[in-house]
Structure formats: structure tokens, C-alpha cells
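Given next are the chains, with one letter for each unit.
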Amino acid sequence: MAISIFRPSVSRPHHFLYSANSINSQKFSSISVTKKPSFLPCASSDSAPTRQEVSLCVGTYLIPHPNKVEKGGEDAFFVSSDNGRVIAVADGVSGWAEKNVDPALFSRELMANVSSLVGNEEEAKYDPQILIKGAHAATSSIGSATAIVAMFENGILKIASVGDCGLRIVRKGQMIFSTFPQEHYFDCPYQLSSEAVTQTYLDAIVSSVDLKEGDTIIMGSDGLFDNVFDQEIVSVMTTHDDVSNAAKALAELAKNHSVDIKFDSPYSLEARERGFDVPWWKKVFGMKLTGGKLDDITVIVGKVKSS
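Per an unreviewed UniProt entry, the protein goes by the name Protein phosphatase and belongs to Nicotiana sylvestris. For the protein, the Sequence similarities (unreviewed entry) comment in UniProt is given as "Belongs to the PP2C family."

A.B. asks: Honestly, helix α6 (residues 243–258) in this entry has me stumped. Any pointers?
C.D. replies: For the α-helix, the turn length of 3.6 residues means that residues three or four positions removed from each other point alike. Under the 1.5 Å per step criterion, the end-to-end length of α6 is 22 Å for 16 residues, consistent within 8% with the ideal 22 Å. Along α6, the residues that are buried comprise Val 243, Ser 244, Ala 246, Ala 247, Leu 250, Ala 251, Ala 254, His 257 and Ser 258. Two or three places before Ser 244, at the opening of α6, Asp 242 has a side-chain oxygen 3.1 Å from that residue's backbone nitrogen.

A.B. asks: Would you explain the pattern of salt bridges in this entry?
C.D. replies: Pairing of side chains with opposite charge becomes possible as their charged atoms draw close. As enumerated under the stated definition, the model contains 16 salt bridges in all. Lys 288 serves as the salt-bridge partner of Asp 264, at 3.2 Å between the closest nitrogen and oxygen. Of this pair, Asp 264 sits in the loop between α6 and α7 (266–273) while Lys 288 sits in the loop between α8 (280–283) and β14 (297–306), and the two are 24 residues apart along the sequence. By relative accessible area, Asp 264 is classed as partly exposed at 22%. Residue Lys 293 is joined to Asp 295 by a salt bridge in which the shortest nitrogen-to-oxygen separation is 3.7 Å. The pair formed by Lys 293 and Asp 295 is uniform in burial state, with each residue classed as buried. Within the structure, one salt-bridge network assembled from shared partners comprises Asp 187, Asp 222, Asp 226, Lys 293 and Asp 295.

A.B. asks: Would you explain unusual backbone geometry in this entry?
C.D. replies: Glycine aside, the phi torsion of most residues is negative, and most peptide linkages are trans. With a phi angle near 55°, Asn 154 is a residue other than glycine that sits in the positive phi range. Residue Lys 172 is not a glycine yet carries a positive backbone phi of 50°.

A.B. asks: Can you walk me through the packing of helix α5 (residues 230–239) against α6 in this structure?
C.D. replies: Any two packed helices are characterised by how steeply their axes cross, that is the angle between the axes, and by the distance between the axes. Packing of α5 against α6 leaves a shortest axis separation of 9 Å and a crossing angle of 145°. The way α5 lies across α6 gives a crossing that is right-handed. Contacts between α5 and α6 involve Glu 232, Ile 233, Val 236 and Met 237 from the former and Ala 246, Ala 249, Leu 250, Leu 253 and His 257 from the latter. Each residue belonging to the contact of α5 with α6 can be placed in one class, and the counts come to seven nonpolar, one polar and one charged.

A.B. asks: I tried to follow the pairing of strand β5 (residues 144–153) on my own but got confused; where do I start?
C.D. replies: Along any regular strand the residues' side chains alternate between the sheet's two faces. With ten of ten residues buried, β5 lies mostly within the body of the structure. Here β5 shows two buried faces, one formed by Ser 144, Thr 146, Ile 148, Ala 150 and Phe 152 and the other by Ala 145, Ala 147, Val 149, Met 151 and Glu 153. Sheet topology note: the β5/strand β11 (residues 192–193) ladder contains two bridges and is antiparallel. Each bridged residue has a counterpart across the sheet, and for Ala 145 the counterpart in β11 is Leu 192. The sheet contact formed by β5 and strand β6 (residues 156–162) spans seven bridges and is antiparallel. Bridge assignment links Phe 152 to a residue of β6, and that residue is Leu 157.

A.B. asks: Whenever I open this one, the layout of surface pockets confuses me. Can you help?
C.D. replies: Over the atoms rolls a probe the size of a water molecule, and in doing so it shows where empty space is left. In this structure, the largest pocket encloses a volume near 550 Å³. For the lining of the largest pocket, the secondary-structure elements that each account for two or more residues are β7 (166–171), β10 (188–189), α4 (222–225), α5 and α7. A total of three residues in the lining of the largest pocket trace back to one element, the largest contributor, which is α7. Here the lining of the largest pocket is composed, by residue class, of twelve nonpolar, five polar and ten charged.

A.B. asks: Please explain the confidence of the model for the protein as it appears in this structure.
C.D. replies: Note: predicted coordinates in regions of low pLDDT should not be interpreted at a detailed level. When pLDDT is averaged across the protein, the result is 85; 81% of the residues are at 70 or more. With pLDDT under 50 throughout, residues 7–49 is counted as low confidence; its partners more than four residues away or in other chains account for 130 contacts.

A.B. asks: Help me understand the environment of Phe 263 in this model?
C.D. replies: Inspection of the secondary structure assignment puts Phe 263 in the loop between α6 and α7. Residue classification places Phe 263 among the buried positions, given a relative accessible area of 15%. Between the alpha carbons of Phe 263 and Thr 290 there is a distance of 6.0 Å; along the sequence they are 27 residues apart. Discounting residues that sit within four places of it in the chain, Phe 263 has contacts with Asn 227, Phe 229, Glu 232, His 257, Ser 268, Thr 290, Gly 291 and Gly 292.

A.B. asks: Honestly, the side chain of Thr 139 in this entry has me stumped. Any pointers?
C.D. replies: One can find Thr 139 in the loop between α3 (128–138) and β5. Reaching out from Thr 139, the side chain makes a polar contact with the backbone oxygen of Ala 135 at a distance of 2.7 Å.

A.B. asks: What's the story with the packing of helix α1 (residues 103–118) against α3 in this structure? I'm lost.
C.D. replies: Remark: α1 packs on α3, axes separated minimally by 8 Å, with the N-to-C direction vectors making an angle of 125°. Taken together, the axes of α1 and α3 lie oblique to each other. For the pair α1 and α3, the crossing hand works out as right-handed. Seen from α1, the contacting residues are Phe 106, Glu 109, Leu 110, Asn 113, Val 114, Leu 117 and Val 118; seen from α3, they are Leu 131, Gly 134, Ala 135, His 136 and Ala 138. Per-class residue counts for the contact of α1 with α3 are eight nonpolar, three polar and one charged.

Conventions and cut-offs
- Residues numbered from 1 in each chain as written.
- Predicted model: local features only at pLDDT ≥ 70, side-chain atom pairs only at ≥ 80, totals over all residues.
- Heavy atoms only, no water.
- UniProt positions renumbered as here; feature names shortened; annotations may be inferred.
- Helix = DSSP H or I, 4+ residues; strand = E, 2+ residues; numbered from the N terminus.
- Expected span 1.5 Å × (residues − 1).
- Buried < 20%, exposed > 50% of the residue type's maximum accessible area, 1.4 Å probe, protein only.
- Polar contact = N/O pair within 3.5 Å; in protein donor to acceptor, adjacent residues only side chain to side chain.
- Salt bridge = Lys/Arg side-chain N within 4 Å of Asp/Glu carboxyl O.
- Axes fitted to C-alpha atoms, helices over the stretch in contact; angles between N-to-C directions.
- Left-handed = near helix turned anticlockwise from the far one by under 90°.
- Contact = heavy atoms within 4.5 Å.
- Nonpolar A, V, L, I, M, F, W, Y, C, P; charged D, E, K, R; others polar.
- Pairing = 2+ DSSP bridges.
- 1 Å grid on protein atoms, 1.4 Å probe; cavity = no way out; pocket = protein on both sides within 12 Å on 5 of 7 lines; lining within 4 Å.
- Points joined across faces, edges and corners; volume = space filled by probe spheres on them.
- pLDDT = per-residue confidence, 0-100.
- Parallel < 35°, antiparallel > 145°, perpendicular 65-115°, else oblique.

Here it is as C-alpha cells:
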């Protein structure tokens, strides 16, 4: 996660929280082991009479920042266990550590609240933007996080995103959909926060995509998309049919790029475009800013299959 906090002003008390993952239960279990894949069995979405009944198989993989392995990183994610129709990622803003606040608390509580609300149809209303609204309102921890929530219903994927977590959809070897990051300035994304001056669900970018059998959903924190190009994501998807293996392969590719100082990553390309580069005297010798970005890396891969 980018280190910048968007101008926090008024603090509120906080009191807990859960860890990141919910795969086999509506409650959260601790993510304490690095690079452990998870898999959610195929589960049917409710089928409208005019639509082919389809199901979503989901695999996940999380690799914490190298310096945050002991505490499991600051990302959190959720996959609903009712029938796998809701997936979500939150990325805690690391700048809060400078204020002696654990950045993981906010993101984990936010995802815990998503988990609690998913089972309440009246609260969620099958609307990811409303789900973000409710989860944010219920979060009492100090901090902030970017977040993305997607809901799969009747063959349609509804997406709401605040900040720079992202989602891609691949169909027949082509990327057909991509979210785009929201930011105040470079390395300071839009973020849900405990502070009075913050973004809310109203700032979310909302999208809706009709999915077909064979489509693949890739959701992740910016640790994935800052280090892996879209064409690399497509390549991994075409060579890994199993969703758990695909999530693992993408996460490990992102990790390898993040520690490669010579790799010209999406992050370094954007940094140069924004005016961040090596000193002028290094440019004289043909040098430029390169390298990946060390970060927590969360990957969720979902594949649409016929039921």
C-alpha cells in the first residue's frame, strides 16, 4: 500500500480486530502462515430464467510484505461461504504506522464487517456499493484502507471500488475489463478512513459486467497490479486452469518482480511519468528509475463455470 494518508484530522477510538481470511466459514480465521493457498469449491449463483446457470470457483493467495511477515501483512480479503458470490479485498494504508497505529486493524475490521453484512440481504441489497457503505460505517478502528467489493449474481458481476485495489476480467485470452485506480496524487490513493475528511461509498467507481462461462476474474491489492503488467496476467491465466494455482502463480510473479531492482515495473513506469526519476547526472549515463514495489500481495482468482 502507498504510504500516504489523505490528511487525517479527527481521531476516534478503536478496539479490536479479526484477521483477513474467510473461506470455509462466515467468521474469519487467522492468516499467520505466508503463502498458503486457499480454495473455495464451485458454487452456483441463482439463475434467472433467461440465463444459463453458472458457478464461480475461487482460489486465493496472500504474500505479506517481507518486513511484515510476522504479523501477516496489512492486506485483508474476504470470500463468502454462502455460495461464493461475494469477494473483496482491503489494503491498509501503511502511513498510519508513523502514528503508532497498526495499519492492519482497519482493513481487517472492514473485511470482517463485509462478512457480517453479506448474510443480511436487507443490508447488502445485492449492491457492492451499499456493502461498502455498511462495512465502513461499522468499522471503529483508527486507520484507513483502499477497498474493492464484487458481487456475482445471475451471471452478472457488480463491482464497487475505492482507491487502488483492482479487478481484471479475462475472456478467451483477452482482457475485456479493467478497473482503474483513484488517487489524490501519486502514491496517495482514495481511501476509506476513520477520519472526518475521507472518501466514502459515494466516491466508489461502480461497474457491472455480464460474465460468460470460461471468464476469469482477477482481484487484488495494488501489490499485484504495481508489479505485474496486464499482459502478464493474461499469460498466467492461459497457462493455469486451476484457480488456486493461478492465484499462487500471480502472487509469486508479483513478489519476484517486487524485489527485482532492474525490472521496469508498472509502478516504476508510472513514477517516471509523474516526474519521479533518478538524478539528471545519472540520466546522462542512460540510467532511469526501475524496480518493483515491495508490498503486501493479495490475489483472488475466480473462474466462471457452467453448473
